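Architecture at a glance
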Amino acid sequence: MGENQTTVTHFLLLGFPLGPRTQMLLFMLFFLFYVLTLLGNGVILGLLSLDSRLHSPMYFFLSHLAIVDIAYACNTVPQMLVNLLNPAKPISFAGCMTQTFLFLTFAHTECLLLVVMSCDRYVAICHPLRYSVIMSWRVCTALAVTSWACGSLLALVHVVLILRLPFCGPHEINHFFCEILSVLKLACADTWLNKVVIFVASVFILVGPPCLVLVSYSRILLAILRIQSGEGRRKAFSTCSSHLCVVGLFFGSAIVMYMAPKSRHPEEQQKILFLFYSFFNPMLNPLIYSLRNAEVQGALRRALCKESHSH
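All figures in this text were calculated on a predicted structure; none of them were measured in a lab.

1. A word on the overall build of the protein
- Tallying secondary structure elements over the protein gives 11 helices and three strands in all.
- The buried share among the 311 residues of the protein stands at 47%.
- For the protein, restricting intrachain contacts to residue pairs at least 6 apart in sequence, the fraction spanning at least 24 positions comes to 80%.
- As displayed, the protein offers around 15,300 Å² of accessible surface, 70% of which is attributable to carbon and sulfur atoms.

Dropping the structure here:
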């Protein structure tokens, strides 16, 4: 940080400024959501690693999504739970920058993974005979590595641009974690370059990927309409609609946060929107993408039967 080294060595996360009883209630509720998130995604990772029948490209990408969701929750939720019990507990400047970097990495990576997963389903349904050739393990690995690499590089750009700014107080972040826009409000210099880069990155991450997802699922729906079985059509529509709801919730809340005019949603509403990333999306993804799947349910039954027989 050189000559402009910040005089702020720590930040205070204001979180949810509520009464002690309300904060304790939120602590218990958020802790429950946190446990369910870790449990749901942990079960998925365990099943995908132990059951050889689930070693396919679709479940390979689902395992990466589960890792992202666990990382999301572990990056933001513990600090928020601590702050609910002890609102005056600070976070160091280095810790804050690390949290910002990790959050952005996981957010960008999930955006790209959702696109890759929709393309995988498109190939599986619309080109089933060529699926094993198109979605080879080499291609799947390259797509996963590219998603993680692009997510990390974009996050690194944002954090490097923050580190060049001086911070001379105040040191109170009106959020429950070090969200990039909330951190930028505390800088003692012009942040126009940071905001331009955030907007350009938002266009790249929040406009392009949803369009590709919609194109993939529209082609999938057209293929579903040609299915002769009414029951088959119903199951396929149910799966696609639930997937699109999760994608819409994820991208919709992000677009509102980073691309809509800021005057339309005050900071307290922004915190509620970010709860989708910290809790609801990571908690819902295992249920929507995996636990409703007949193959995953079969793997879970086999694992439970094996456990009961061993006892």
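2. Some details on the sheet that holds strand 3 (residues 172–173)
- Here we have three strands laid out as an open sheet, ordered 2-1-3, and mixed in their pairing. Each of the sheet's edge strands pairs with one partner strand only, and the pair in question is strand 2 (90–92) and strand 3.
- Bridge count between strand 1 (residues 10–13) and strand 2: three bridges; the pairing is antiparallel. Bridge pairing in strand 2 links Phe11 to Ile91.
- Of the strands in this sheet, strand 1, strand 2 and strand 3 are in contact with helix 3 (residues 93–126), which crosses strand 2 at around 80°.

3. Quick word on the confidence of the model for the protein
- Summing up the model confidence of the protein, the mean pLDDT is 84 and the portion of residues at 70 or higher is 88%.
- Residue range residues 1–6 is modelled with pLDDT below 50. Its contacts to residues more than four positions away, or to other chains, number seven contacts.

4. Re the side chain of Glu110
- With respect to the helices and strands, the residue Glu110 is situated in helix 3.
- Classification of Glu110 as buried rests on a relative accessible area of 1%.
- A distance of 3.1 Å separates the side chain of Glu110 from the side chain of Asn285, its partner in a polar contact.
- With residues up to four places along the chain from it excluded, the contact list for Glu110 reads Leu65, Val68, Asp69, Tyr72, Phe250 and Asn285.

5. Topic: the state of the cysteines
- Under the defined criterion, the tally for this structure stands at two disulfides.
- A sulfur-sulfur separation of 2.0 Å characterises the disulfide bridge that pairs Cys96 with Cys178. Its S-S torsion of about -125° marks the bond between Cys96 and Cys178 as left-handed, since a negative value means left-handed. Here Cys96 is found in helix 3, whereas its partner Cys178 is found in the loop between strand 3 and helix 6 (180–184), with 82 residues between them in sequence. The same class applies to Cys96 and to Cys178, which are both buried.
- Residue pairing for Cys168: its cysteine sulfur links by disulfide to Cys188, the two sulfurs lying 1.9 Å apart. In this structure the cystine formed by Cys168 and Cys188 twists about its S-S bond by roughly -135°; its chirality is therefore left-handed. Residue Cys168 is located in the loop between helix 5 (137–163) and strand 3, and its partner Cys188 is located in the loop between helix 6 and helix 7 (192–206); the two are separated by 20 residues in the primary sequence.
- Counting only the cysteines that take part in disulfides, in the order they occur along the protein, gives the pairing 1-3, 2-4.

6. So, the UniProt feature "transmembrane region" (unreviewed entry) in the protein
- When the UniProt feature table is mapped onto this chain numbering, "transmembrane region" (unreviewed entry) sits at residues 24–48, 60–81, 101–119, 139–163, 196–215, 236–260 and 272–291.
- For residues 60–81, the helix share is 100%, the strand share is 0%, and the end-to-end C-alpha distance is 32 Å.

Thresholds applied
Residues numbered from 1 in each chain as written. Predicted model: local features only at pLDDT ≥ 70, side-chain atom pairs only at ≥ 80, totals over all residues. Heavy atoms only, no water. Helix = DSSP H or I, 4+ residues; strand = E, 2+ residues; numbered from the N terminus. Buried < 20%, exposed > 50% of the residue type's maximum accessible area, 1.4 Å probe, protein only. Contact = heavy atoms within 4.5 Å. Areas by Shrake-Rupley, 256 points an atom, 1.4 Å probe, with all protein chains shown as cover. Pairing = 2+ DSSP bridges. Axes fitted to C-alpha atoms, helices over the stretch in contact; angles between N-to-C directions. pLDDT = per-residue confidence, 0-100. Polar contact = N/O pair within 3.5 Å; in protein donor to acceptor, adjacent residues only side chain to side chain. Disulfide = S-S within 2.5 Å. UniProt positions renumbered as here; feature names shortened; annotations may be inferred.

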